[in-house]
Amino acid sequence: MNSIEQNLERIRKSLPKEITLVAVSKTKPVSDLMAAYNAGQRIFGENKIQEMTQKWEKMPKDISWHMIGHVQTNKVKYMAPYVDTIHAVDSLKLLKEINKQAAKHNRVIKCLLQLKIAKEESKFGLHEVDALDILNSEEVSTFKNVDITGFMGMATFTEDQKQIESEFKKIHLFYKFQKSKNTLLKTLSIGMSGDYKLAIKNGSTMVRIGSSIFGIRNYSY
Ligand SMILES: *Cc1c(COP(=O)(O)O)cnc(C)c1O
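Residues numbered from 1 in each chain as written. Predicted model: local features only at pLDDT ≥ 70, side-chain atom pairs only at ≥ 80, totals over all residues. Heavy atoms only, no water.

A. Inspection of the pairing of strand β4 (residues 85-89) at higher detail. Most of β4 sits out of view: 5 of its 5 residues are buried. When strand β3 (residues 64-67) meets β4, the two strands line up parallel, connected through 2 bridges. Across the sheet, methionine 67 pairs through a bridge with isoleucine 86, a residue of β4. Where β4 lies against strand β5 (residues 109-115), 3 bridges are found, and the strand directions are parallel. Across the sheet, valine 89 pairs through a bridge with leucine 113, a residue of β5. (Buried < 20%, exposed > 50% of the residue type's maximum accessible area, 1.4 Å probe, protein only. Helix = DSSP H or I, 4+ residues; strand = E, 2+ residues; numbered from the N terminus. Pairing = 2+ DSSP bridges.)

Right under this line is the structure:
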């Protein structure tokens, strides 16, 4: 067994089976992704559209590709033919473009609204009220080619577990309340290599794990 296989096995064992694992393969070569694929992994997350598209072209077609990075509206068209889920939707304008491009391919693209939960100013994401404006807008209800299936969040980059946990609890509370009113909502995408166990304890349904599977990245985004 290679180390990617071993890492995957170890992580899978630690995940309750209802939790979806997105293997975050950004910056890693196709050979690494194929090692994970051959160990049974079928969901991969990337944060650059061009890089994801190159990998999609080279890899087996039964993979679900998740875009986890910030998306520029003018690049949506490149992933519209194949992307399964877009995690970081943060505006009505972007959602509208995803709907338009998905329609051209007769597809429905799943979208998560990214909520701002971290303390740092630099993080992308919506405030709860703005997420609700999008979720409940009349215009969005006419979009046939996107499904808003949940929310995504990134905790503050800190060693302070209490801080991270309070951010996860807050987004989980919001998710739970909205889910009680909207049956399409079924995904809460929180948790990365360093904090996924805490995220699962606090209601995550989908974790995005990169370095614990593929090793540290040579450059980071
Ligand atoms: C890179 C990245 C991850 C994975 O990070 P690791 O710490 O390597 O597990 C998860 N989510 C997003 C949005 C990322 O950009």
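After presenting the structure, the write-up continues.
B. Here's a closer look at the packing of helix α6 (residues 128-135) against helix α8 (residues 161-179). Between α6 and α8, the shortest axis-to-axis distance is 12 Å and the interhelical angle comes to 25°. By the angle between their directions, the pair α6 and α8 is classed as roughly parallel. Crossing angle aside, the handedness with which α6 passes α8 is right-handed. Residues Glu128, Leu132 and Leu135 of α6 pack against Lys170, Phe174 and Gln178 of α8. (Axes fitted to C-alpha atoms, helices over the stretch in contact; angles between N-to-C directions. Parallel < 35°, antiparallel > 145°, perpendicular 65-115°, else oblique. Left-handed = near helix turned anticlockwise from the far one by under 90°. Contact = heavy atoms within 4.5 Å.)

C. Highlighting the pattern of salt bridges. Summed over all chains, the structure comprises 8 salt bridges. Note that arginine 42 is salt-bridged to aspartate 62, the shortest N-O span being 3.2 Å. Of this pair, arginine 42 sits in the loop between α2 (30-38) and β2 (43-46) while aspartate 62 is found in the loop between α3 (49-58) and β3, placing the two residues 20 residues apart along the sequence. Using a relative accessible area of 44% as the deciding quantity, one classes aspartate 62 as partly exposed. Among the ionic pairs, glutamate 139 bridges to lysine 96, the shortest N-O distance being 3.1 Å. Of the two residues, glutamate 139 is situated in helix α7 (residues 138-141) and lysine 96 in helix α5 (residues 92-104); the sequence distance between them amounts to 43 residues. Salt bridges sharing common partners tie together Glu46, Glu51 and Lys55. (Salt bridge = Lys/Arg side-chain N within 4 Å of Asp/Glu carboxyl O.)

D. Expanded view of the site of the ligand. Every residue close to the ligand is listed here: Val24, Lys26, Ile68, Met152, Met154, Met192, Ser193, Arg208, Ile209, Gly210, Ser211 and Arg217. For the ligand, an oxygen atom lies 2.6 Å from a polar atom in the side chain of lysine 26. Glycine 210 is positioned such that a nitrogen or oxygen atom in its backbone is 2.8 Å from an oxygen atom of the ligand. Burial of the ligand by the protein amounts to 90% of the accessible area it has alone, namely 390 Å². When grouped by side-chain class, the residues that make up the shell around the ligand number 6 nonpolar, 3 polar and 3 charged. (Near = heavy atom within 4 Å. Polar contact = N/O pair within 3.5 Å; in protein donor to acceptor, adjacent residues only side chain to side chain. Areas by Shrake-Rupley, 256 points an atom, 1.4 Å probe, with all protein chains shown as cover. Nonpolar A, V, L, I, M, F, W, Y, C, P; charged D, E, K, R; others polar.)

E. A look at the packing of aromatic side chains. If you walk through the whole model with that rule in mind, you get 4 aromatic pairs. Between the aromatic rings of phenylalanine 44 and tryptophan 65, the centroid separation amounts to 5.8 Å while the plane-to-plane angle is 35°, which identifies the pairing as tilted. Note that phenylalanine 44 is positioned in strand β2 and tryptophan 65 in strand β3, a separation of 21 residues in sequence. Residue classification places phenylalanine 44 among the buried positions, given a relative accessible area of 0%. Joined through ring pairs, the aromatic side chains of Phe151, Phe174 and Tyr175 make up one cluster. The ring of tyrosine 37 has arginine 42 lying over it, and the distance from NZ or CZ to the ring centre is 3.6 Å. Here the basic side chain of lysine 61 rests over the ring of tryptophan 56, its NZ or CZ set 5.4 Å away from the ring centre. (Phe/Tyr/Trp six-rings, centres within 6.5 Å; stacked < 30°, edge-to-face > 60°. Lys NZ or Arg CZ within 6 Å of the ring centre and 35° of its normal.)

F. Inspection of α6 at higher detail. Within α6, burial applies to Ala131, Ile134 and Leu135. Buried residues of α6, seen end-on, are gathered within an arc of 95° and therefore sit on one face of the element. Turned more than 90 degrees away from the buried face of α6, the exposed residues are Val129 and Asp133. Looking at the buried residues of α6, the elements they touch are α5, β5, α7, β6 (146-153) and α8. (Arc of directions from axis to C-beta.)

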